[in-house]
Amino acid sequence: MSSNSGIQIPSRLPLLLTHEGVLLPGSTMRISVETARNMHLVKNRLLKGTSLKSTIIGVIPNTRDPEHDTEDLPTLHSIGTAGLAVQVVGSNWPKPHYTLLITGLCRFRVAQLLKEGPFPVAEVEQLDKLEQYTSPEEMSEAAGPDGELGELSQRFYQAAVQLVGMLDMSVPVVAKLRRLLDSLPRETLPDVLASMIHTSNKEKLQVLDAVSLEERFKKTLPLLTRQIEGLKLLRKTRKPRLDDDKRVLAVRKGGVLPGRQFSLDEEGDDEDGDDTAVLERKVKGANMPEPALRVCLKELKRLKKMPQSMPEYALTRNYLDLMVELPWSKSTTDCLDIHAARVLLDSDHYAMEKLKRRVLEYLAVRQLKSTLKGPILCFVGPPGVGKTSVGRSIARTLGREFHRIALGGVCDQSDIRGHRRTYVGSMPGRIINGLKTVGVNNPVFLLDEVDKLGKSLQGDPASALLEVLDPEQNHSFTDHYLNVAFDLSQVLFIATANSTATIPPALLDRMEVLQVQGYTQEEKVEIAHRHLIPHQLEQHGLTPQQLQIPQDTTQDIISKYTREAGVRSLERKIGAICRAVAVKVAEGHNVTKSEAAPSESAPQGAEHGEGKRGRRAEEPDGVSADMAAPPDMPIVMDHIALKDILGPHVFEMEVSERLTLPGVAVGLAWTPLGGEIMFVEASRMEGEGQLTLTGQLGDVMKESAHLAMSWLRSNAKTYQLTNLVGGSDPLEGTDIHLHFPAGAVTKDGPSAGVTMVTVLASLFSGRLVRSDVAMTGEITLRGLVLPVGGIKDKVLAAHRAGVKRVIIPKRNEKDLEEIPANVRKELDFVTASNLDEVLNAAFDGGFPGMSNPLTLPHIVSKL
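Residues numbered from 1 in each chain as written. Predicted model: local features only at pLDDT ≥ 70, side-chain atom pairs only at ≥ 80, totals over all residues. Heavy atoms only, no water.

1. Here's the deal with the packing of helix α21 (residues 568-586) against helix α25 (residues 639-646)
Where α21 contacts α25, the axes come no closer than 10 Å and their chain directions differ by 95 degrees. Between α21 and α25, the interaxial angle falls into the category roughly perpendicular. Listed contacts from α25 to Lys 573, Ala 576, Ile 577 and Ala 580 of α21 are Leu 642, Ile 645 and Leu 646. Across the contact of α21 with α25, the residue classes break down as six nonpolar, no polar and one charged. (Axes fitted to C-alpha atoms, helices over the stretch in contact; angles between N-to-C directions. Helix = DSSP H or I, 4+ residues; strand = E, 2+ residues; numbered from the N terminus. Parallel < 35°, antiparallel > 145°, perpendicular 65-115°, else oblique. Contact = heavy atoms within 4.5 Å. Nonpolar A, V, L, I, M, F, W, Y, C, P; charged D, E, K, R; others polar.)

2. Some points on unusual backbone geometry
For the bond running from Gly 117 to Pro 118, omega is -5 degrees, close enough to zero to count as cis. Relative to the helices and strands, Pro 118 is located in the loop between β5 (97-115) and β6 (121-126). Here Ala 351, not a glycine, exhibits a phi torsion of approximately 70 degrees, which is positive. Turning to its location among the elements, Ala 351 is positioned in the loop between α12 (338-348) and α13 (353-368). On the accessibility criterion, Ala 351 (13% relative accessible area) is buried. (Buried < 20%, exposed > 50% of the residue type's maximum accessible area, 1.4 Å probe, protein only.)

3. Quick word on the packing of aromatic side chains
Taken as a whole and judged by the stated rule, the model has four aromatic pairs. A ring pair is formed by Phe 156 and Phe 217, whose centres lie 5.6 Å apart and whose planes are at 65 degrees; its orientation type is edge-to-face. Of this pair, Phe 156 sits in helix α3 (residues 148-165) while Phe 217 sits in helix α7 (residues 213-238), placing them 61 residues apart in sequence. Under the relative-accessibility criterion, Phe 156 is labelled buried at 0%. Relative accessible area serves as the criterion here: at 1%, Phe 217 is assigned to the buried category. With a centroid separation of 4.9 Å and 45 degrees between ring planes, the pair formed by Trp 328 and Phe 486 is classed as tilted. One end of the pair, Trp 328, is in the loop between α11 (311-325) and α12; the other, Phe 486, is in strand β11 (residues 485-486), and 158 residues separate them in sequence. Assigned by exposure class, Trp 328 and Phe 486 land together as buried. When the ring centre of Phe 119 is taken as origin, the NZ or CZ atom of Lys 115, which lies over that ring, is 5.3 Å away. Directly above the aromatic system of Tyr 157 lies the positively charged group of Arg 186, at a separation of 4.3 Å from the ring centroid. (Phe/Tyr/Trp six-rings, centres within 6.5 Å; stacked < 30°, edge-to-face > 60°. Lys NZ or Arg CZ within 6 Å of the ring centre and 35° of its normal.)

4. Some details on the environment of Glu 826
Relative to the helices and strands, Glu 826 is located in helix α30 (residues 821-826). Between the alpha carbons of Glu 826 and Gly 802 there is a distance of 9.7 Å; along the sequence they are 24 residues apart. What Glu 826 contacts, discounting residues up to four positions off in sequence, is Glu 522, His 799 and Lys 804. Side chain to side chain, Glu 826 and His 799 meet in a polar contact 2.7 Å long. (Polar contact = N/O pair within 3.5 Å; in protein donor to acceptor, adjacent residues only side chain to side chain.)

5. Brief notes about the nonpolar core
Membership of the largest hydrophobic core comes to 64 residues, with the highest contact counts inside it found for Leu 738, Phe 740, Leu 760, Val 806 and Ile 807. Here this core takes eight residues from helix α28 (residues 753-765), the largest share from any one element. Excluding residues within four positions of it along the chain, Phe 740 makes contact with Met 678, Phe 679, Val 680, Thr 694, Gly 695, Leu 697, Met 701, Lys 747, Ala 752 and Met 756. (Core = buried A, V, L, I, M, F, W, Y, C linked by side-chain atoms within 4.5 Å.)

Shown next as structure tokens:
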């Protein structure tokens with residue numbers, strides 16, 4: 001007998017009913033106590049008891065659904081487990097409850113229920129006789145001649161050893177369990193292992209009800225066998241199949257030197273091989289440069305030694321995945337057919353001859369030298385002129401992949417160069433990520449809105465672009481995430497910007513700037529009929545047989561509803577026309593121009609036609625005249641239908657109307673949105689000789705106004721300028737107010753100097769400035785006219801506004817070659833080198849006081 005043969009449980013035990021599981025002898029279980037009966041048991045028995053017997057309670061599985069539990073005592077299960085309360089923990093959150101740690105001792109049968117409240121107490125009969133626990137040798141002798149119980153015990157022991165052997169012995173709990181298998185009596189093994197393996201409460205309840213030791217072994221052995229088979233299946237999914245191992249060994253025996261250690265990277269099947277071996281094969285097949293390959297092999301060696309549960313395992317794996325996905329040596333072959341490239345560029349874009357010529361030059365040089373580095377181009381121009389679409393067309397022409405990177409508002413240098421891998425959530429920059437996306441190392445990268453980069457505490461992204469856009473450095477661009485050099489020399493970088501003023505000088509110096517000017521009215525008409533109108537018809541489900549927009553109507557849209565350098569507003573207006581026509585087509589209305597336009601021979605002329613058209617617009621259900629129209633006739637837009645759809649004219653030719661009084665002149669200004677005309681107004685009143693400037697002017701513009709005033713005062717006698725009282729000083733007893741509409745727009749720059757002189761000269765002389773003249777140029781204190789920028793944009797703005805004569809500085813005469821020939825034919829250009837020539841050209845008949853007022857300065861007309 002063992003030394004435990006004298007241990008007996010009390011004959012009367014308080015009962016703890018639990019829904020949480022089945023407590024088996026020899027196992028430990030945590031039980032939450034929340035019901036009133038169990039709470040009373042803990043308070044009155046466990047917490048107040050002082051002897052060892054007071055901590056022994058009976059644990060009965062409660063088979064009733066806890067959601068339907070009531071205050072009535074449920075029917076008790078006949079078999080329970082006597083347990084020792086090792087620990088009691090109480091808590092008041094979220095509601096008062098206790099947590100018990102109970103170790104099972106032995107089975108008992110409920111003989112009689114003695115009382116139900118406040119907690120149940122029953123008279124019990126101990127089933128597991130502790131004095132029968134014998135050694136394995138004694139148990140084999142007591143099994144009888146057939147030895148059936150001993151055989152079951154031995155089979156169970158062997159299965160338990162096999163199960164524990166399949167677990168990781170480096171875990172301390174598993175090693176302790178292996179030692180317990182040799183020290184515990186065999187009779188306790190079914191209960192201990194049944195509580196540890198994955199079983200349901202119903203299966204554990206069957207083990208609990210197995211009072212006979214032989215029956216207990218028979219109930220538990222299938223559960224143990226099932227757990228072993230599950231582990232075998234799990235291990236089989238993590239290791240190569242046996243057939244694969246045999247095939248791999250056969251390959252090794254046939255061609256590998258003896259003594260060489262076989263690795264899974266010799267296997268051909270990626271799916272069945274080990275992940276690290278597959279990754280190693282990908283690294284070696286990525287054709288990386290030697291420095292990058294060394295880094296990857298070093299990281300791969302570290303990865304093999306890491307357990308997958310470590311957080312750094314995922315970071316290293318993601319890094320290696322990115323390295324093998326980058327196109328270290330993958331590239332596309334350029335299409336070097338210059339004739340085909342010219343045809344493609346002409347079909348995609350109208351005008352833009354300078355940009356097309358630069359692309360063809362690149363193709364020609366690539367034919368002669370295949371190792372040419374990719375140029376760094378920067379397209380600078382107003383919005384809507386097609387800078388981004390030209391970049392996409394260049395990629396199509398070359399046969400390269402295209403990737404666009406939007407830089408507007410970027411204020412973190414990590415967006416360009418990536419984050420270091422020491423940071424949580426680190427990732428590569430947009431350059432490396434774009435290369436991964438396109439999958440080749442010679443794409444066309446469009447860096448959109450490079451002039452709108454920001455700067456913050458996280459660094460200056462414009463400075464980070466210096467290495468990217470430097471042909472002498474980008475062959476070894478180092479991203480912070482990769483930490484190895486990547487060759488960007490074959491990438492064709494194209495940047496776009498609206499203005500070079502906000503681009504840092506160091507960055508601007510690395511790019512080849514190509515100015516993309518605004519379109520003339522004739523160019524917009526061609527673009528509209530070649531590209532915009534067919535595109536909008538397709539987008540709105542219309543056909544040319546349903547809607548026709550004549551060129552005269554397109555010119556009206558351009559001149560009276562849009563005033564821009566590009567064509568975005570023009571496309572929106574065409575889209576508005578298509579939507580209105582789509583409503584008519586969907587309702588079954590097909591209105592021809594002959595029906596919509598007023599007839600010349602009809603009574604009351606245009607008024608009758610306009611009234612008829614107004615009814616069509618207000619009565620979508622149609623009238624009899626509409627029903628009589630042929631169903632296949634297209635809707636033709638004329639100026640009346642255009643006004644019905646787009647409303648009143650937005651822009652009018654107001655130049656002549658504004659120049660009806662002395663002291664008004666038209667200047668030309670450049671903005672990032674293109675050229676604009678600018679009215680300058682001046683007035684004088686009695687005062688103390690003060691000069692007032694309004695219109696949100698910058699410092700340079702204010703200085704130009706003071707320059708103009710000083711020059712006129714110094715030459716007042718020459719030009720016969722007087723003040724209000726007839727004196728020779730224009731400012732004596734006179735206040736001057738100079739205003740630049742519109743007042744809400746900020747203005748700055750020196751190019752309005754000649755306009756201010758002309759306005760003040762008109763004001764002091766009382767003469768009107770010509771209504772068809774616009775001018776631009778910087779002035780000096782000695783009366784010289786200096787060159788300014790943006791001549792083409794300014795001239796196009798004057799042409800759109802209906803101006804006939806443009807005064808520009810003499811040194812800007814070379815810029816007239818960029819202006820389209822049709823615009824030059826319609827304008828007279830006056831090139832002035834001093835203010836005398838400016839005033840002589842701005843007034844009809846010259847300006848009083850000049851030596852030869854009727855002789856105009858040099859006029860370049862109809863070049």
